[in-house]
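# Per-entry structural report
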Amino acid sequence: MEFTGKKAAAFGLGAVGKDMVYALSSGYVMYYYQDILGLSASFVGTILMVARVFDAVNDPFMGLLVAKTNTRWGKFRPWLLSGTVLNAFVLYALFAAPDLEGAGLMVYFAVIYILWGVTYTMMDIPYWSMIPAVTDTVPAREKLSVVGRTCAGVGNALITVFTVMSVAALGSGIERTGFKRFALIISVIFVITEVICCLAIKEKKSEKMQTASIREMFASLFHNDQAMTTVITIVLINTALYITSNFIIYFFKYDLGGGSSDWQGSYTLFSMVGGASQILGMMLVYPLIHKKLSNTSIFKLCLGVAIGGYAFLLFLCIAGLSSSLILLLIPGVLIFMGNGILTVLTTVFLAGSVDYGEMKTGVREESVIFSMQTFVVKLGSGLAVFLTGIGLDLIGMQGNADTEGEIVMQSQETLNGLHYLMTVIPIIGLIVATLVFVKFFKLTDEKAEEISQALKEKHAAELENKN
């Protein structure tokens, strides 16, 4: 099937829309229900963790349903379109909570958020799985994957940068109203982008789809120590970053802002610089330093840079310098740029572990290993929001549920607790990730190339024997 720029653009547009939705949900649900609506942070965090673990376990079952689908429109697009429409409605409902209190609001949130996860999976699994049904060649598939991942990053960045300011403007200072209107706008954009994607892309009807069960995922990990090491490292790194993302909005609103209503501008600037640093790290810095350093060396370097960024941020808080936005941008750049490069490298290492597993066992389990990556990323985000919820309650964070735009002043003890939660926990996670990587990871660039070359020779010999 011919690969065209039109298809790539449509596929990329779909990634922008769906990751705008994911970023809004994953980044602001805790803040909306705890700080604005007044639910217990521990309760919200528990529901978020349970829902994301359920969502991760549900992925293989959704993959199986998609694999068994066979319609005149293909197997992927019907699920992509229907899942999008349903998820858009649920997203709006998630940020347009009715005037409920106590148990009623708790039940509403639990049901709606779980529904959001189920409907998002309905469209997310077929979106990524249809790449082989759109392209014929390996280079074209790799190119489309890069387009999708890059555009997904753009969608995520758009939400990170513009949500807080947009909510303030749309709600005229009342965040509950602003989130309701902003969610409606994002839902409409989401549907439009996925409809364009479905209309522009045609599937090959004969396409077969591989799926992996949870049992197969873990069995593959237990037989592949390098995949296991990489996956554990991914969980620790992602948990650290998600914890930062969940806490930082409280830091800007209640600490840096000092009760001022113009905290949104500082938060937006910080998010913009952090997002730009992450993208530059992936697209520019990594290729440059890879010319002189091996991937394993870069990985350890970036872990050190991220840890250093968190340590500097903690120092600023302890020294009473955290009110300076200029100084805060320094650790922000270090943390987000380091994470961007780490994200690239974990994907590289996971691909290398597929070759390693084939050489070790004789079985190539590419789809199974990469399905596990999605599982553990969701698991990491679930763990992060759970820890965030517990932490907010432990430090006594008071939300704005009973105010109309005013900023509730927090005690100094609460702010100090916030400082330690958003820095010390990520530092511990990244130190453990470093120790695990240094001790157990052995797929150096030379070793990975040696295994890859050996497999090429093996495959060539097998093909020659068949002929």
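See the structure above.
Residues numbered from 1 in each chain as written. Predicted model: local features only at pLDDT ≥ 70, side-chain atom pairs only at ≥ 80, totals over all residues. Heavy atoms only, no water.

### So, the overall build of the protein
Helix and strand counts for the protein come out as 15 helices and 0 strands. For the protein, with 467 residues in total, the buried portion stands at 51%. Expressed as a percentage of contacts within the protein between residues at least 6 apart in sequence, the contacts between residues at least 24 apart total 82%. Summed over its atoms, the accessible surface of the protein is roughly 20500 Å², and 66% of this surface lies on carbon and sulfur atoms. (Helix = DSSP H or I, 4+ residues; strand = E, 2+ residues; numbered from the N terminus. Buried < 20%, exposed > 50% of the residue type's maximum accessible area, 1.4 Å probe, protein only. Contact = heavy atoms within 4.5 Å. Areas by Shrake-Rupley, 256 points an atom, 1.4 Å probe, with all protein chains shown as cover.)

### A closer look at the environment of Tyr310
With respect to the helices and strands, the residue Tyr310 is situated in helix α11 (residues 295-318). Looking at Tyr310, the relative accessible area reads 2%, which means it is buried. Here the alpha-carbon distance between Tyr310 and Met422, two residues 112 residues apart in the chain, equals 8.4 Å. Residues within four places of Tyr310 in sequence aside, it is in contact with Ala240, Leu241, Thr244, Ile335, Met422, Thr423, Pro426, Ile427 and Leu430.

### Let's talk about the nonpolar core
Formed by 89 residues in total, the largest nonpolar core has its most connected members in Tyr33, Phe95 and Phe109. Excluding anything up to four places from it in sequence, Phe109 contacts Val29, Tyr33, Leu39, Phe43, Val44, Ile47, Leu48 and Leu94. Formed by 24 residues, the second largest nonpolar core is a distinct cluster that contains Ala306, Phe349, Leu443 and Leu455. (Core = buried A, V, L, I, M, F, W, Y, C linked by side-chain atoms within 4.5 Å.)

### Structural notes on the pattern of salt bridges
Under the defined criterion, the tally for this structure stands at 7 salt bridges. A salt bridge links Asp225 to Lys360, with the nearest nitrogen and oxygen atoms 3.3 Å apart. With Asp225 in helix α9 (residues 225-256) and Lys360 in helix α12 (residues 325-361), this pair connects stretches of sequence that are 135 residues apart. Residue Asp225 is classed as partly exposed on the basis of its relative accessible area of 27%. On the accessibility criterion, Lys360 (48% relative accessible area) is partly exposed. A salt bridge links Lys442 to Asp225, with the shortest nitrogen-to-oxygen separation between them at 3.9 Å. Highlighted residues: Lys442 in the loop between α14 (412-440) and α15 (445-466) and Asp225 in helix α9, separated in sequence by 217 residues. The class for Lys442 is partly exposed, based on a relative accessible area of 48%. Each of Lys18, Asp19 and Asp124 takes part in salt bridges that share partners, so that together they form one network. (Salt bridge = Lys/Arg side-chain N within 4 Å of Asp/Glu carboxyl O.)

### Brief notes about helix α1 (residues 5-36)
With 32 residues, α1 should cover 46 Å at 1.5 Å per step; its first-to-last C-alpha distance of 43 Å lies within 8% of that length. At Tyr28, α1 is bent by approximately 50°, the largest bend along its length. Most of α1 is tucked away: 27 of the 32 residues are buried. Downstream of α1 by one or two residues, Gly38 has phi in the positive range, about 90°. (Expected span 1.5 Å × (residues − 1). Bend = angle between axes of the 7 residues up to and from the residue.)

### Observations regarding the packing of aromatic side chains
For the coordinates displayed, the defined rule picks out 26 aromatic pairs. Centroid distance Tyr32 to Tyr33: 4.9 Å. Interplanar angle 80°. Geometry classified as edge-to-face. Comparing Tyr32 with Tyr33, the two get one shared label, buried. Ring geometry for Phe437 against Phe441: centres 4.8 Å apart, planes inclined by 15°, an arrangement best described as stacked. Classification of Phe437 as buried rests on a relative accessible area of 4%. On the accessibility criterion, Phe441 (10% relative accessible area) is buried. Here Lys439 stacks its cationic end above the ring of Phe440, 5.6 Å away from the centre of that ring. (Phe/Tyr/Trp six-rings, centres within 6.5 Å; stacked < 30°, edge-to-face > 60°. Lys NZ or Arg CZ within 6 Å of the ring centre and 35° of its normal.)

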